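# Coordinate inspection notes
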Amino acid sequence: MSLEQVHSQIVSCTKCSLHENRTNAVPGEGNRNAKIFFVGEAPGRNEDLTGKPFVGSAGKILTQLLEENGFSRENVFITSILKCRPPKNRNPHQNEIKACSPYLTRQINLIKPKLLVSLGQTALSFFSKNSKLSEKRGTLFDFENFKVFSTYHPAAVIYNRTLLSELKKDFKKISKLVV
Ligand code: URA
């Protein structure tokens, strides 16, 4: 199956109730040959409206962090655990993650990135079930045949500006891990 086929399955998916209220599903976007693959939590309002990942305020921070380190949105891949927006941006439910995550697994196995980057607790929990972000952040661990680097979700910076310098340090590390 190709990435395009996975994405067309995602946009017509009805595996959980989140499809009922979506404007657009958000498969993700970026480079088919990306070395770095970013995984957030779920689409928010702007993503639901546009069908594109990380285009709201968290997305601005992510784009800036990428560009500061010599990357662009076009040479990485960006997606989230869930492909449809939960109502009022509530946390994903386990049944939704279970229904949706096979799409993520297929995307990862097609792109075969050098590094997966989990953004925030929801993404971390998918890759490492009982891990806490406070303990795993800034570290590398294995997921199947891939390496995962865990950091904060860029949205966390919106609520706590002091995290920005930590996030910047993590992105510097990430850029060194893929050279
Ligand atoms: N937050 C996410 O986790 N994913 C998006 O696509 C946008 C915001």
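Structure report, in brief. (Residues numbered from 1 in each chain as written. Predicted model: local features only at pLDDT ≥ 70, side-chain atom pairs only at ≥ 80, totals over all residues. Heavy atoms only, no water.)

### Some thoughts on the environment of Ala155
As for its placement among the helices and strands, Ala155 is situated in helix H7 (residues 154-159). Residue classification places Ala155 among the buried residues on the basis of a relative accessible area of 19%. Residues Ala155 and Pro87 lie 68 residues apart in sequence; the distance between their C-alpha atoms is 17 Å. (Helix = DSSP H or I, 4+ residues; strand = E, 2+ residues; numbered from the N terminus. Buried < 20%, exposed > 50% of the residue type's maximum accessible area, 1.4 Å probe, protein only.)

### Regarding the site of the ligand
Within the structure, the ligand sits among Gly40, Glu41, Ala42, Glu47, Pro53, Phe54, Ser80 and His153. The contact in question runs from a nitrogen atom of the ligand to an N or O atom on the side chain of Ser80, over 2.8 Å. Side-chain polar atom of His153 to an oxygen atom of the ligand: 2.8 Å apart, as the coordinates give it. Contact with the protein chains covers 91% of the free accessible surface of the ligand, which is 240 Å². Here the residues of the shell around the ligand sort into 3 nonpolar, 3 polar and 2 charged. (Near = heavy atom within 4 Å. Polar contact = N/O pair within 3.5 Å; in protein donor to acceptor, adjacent residues only side chain to side chain. Areas by Shrake-Rupley, 256 points an atom, 1.4 Å probe, with all protein chains shown as cover. Nonpolar A, V, L, I, M, F, W, Y, C, P; charged D, E, K, R; others polar.)

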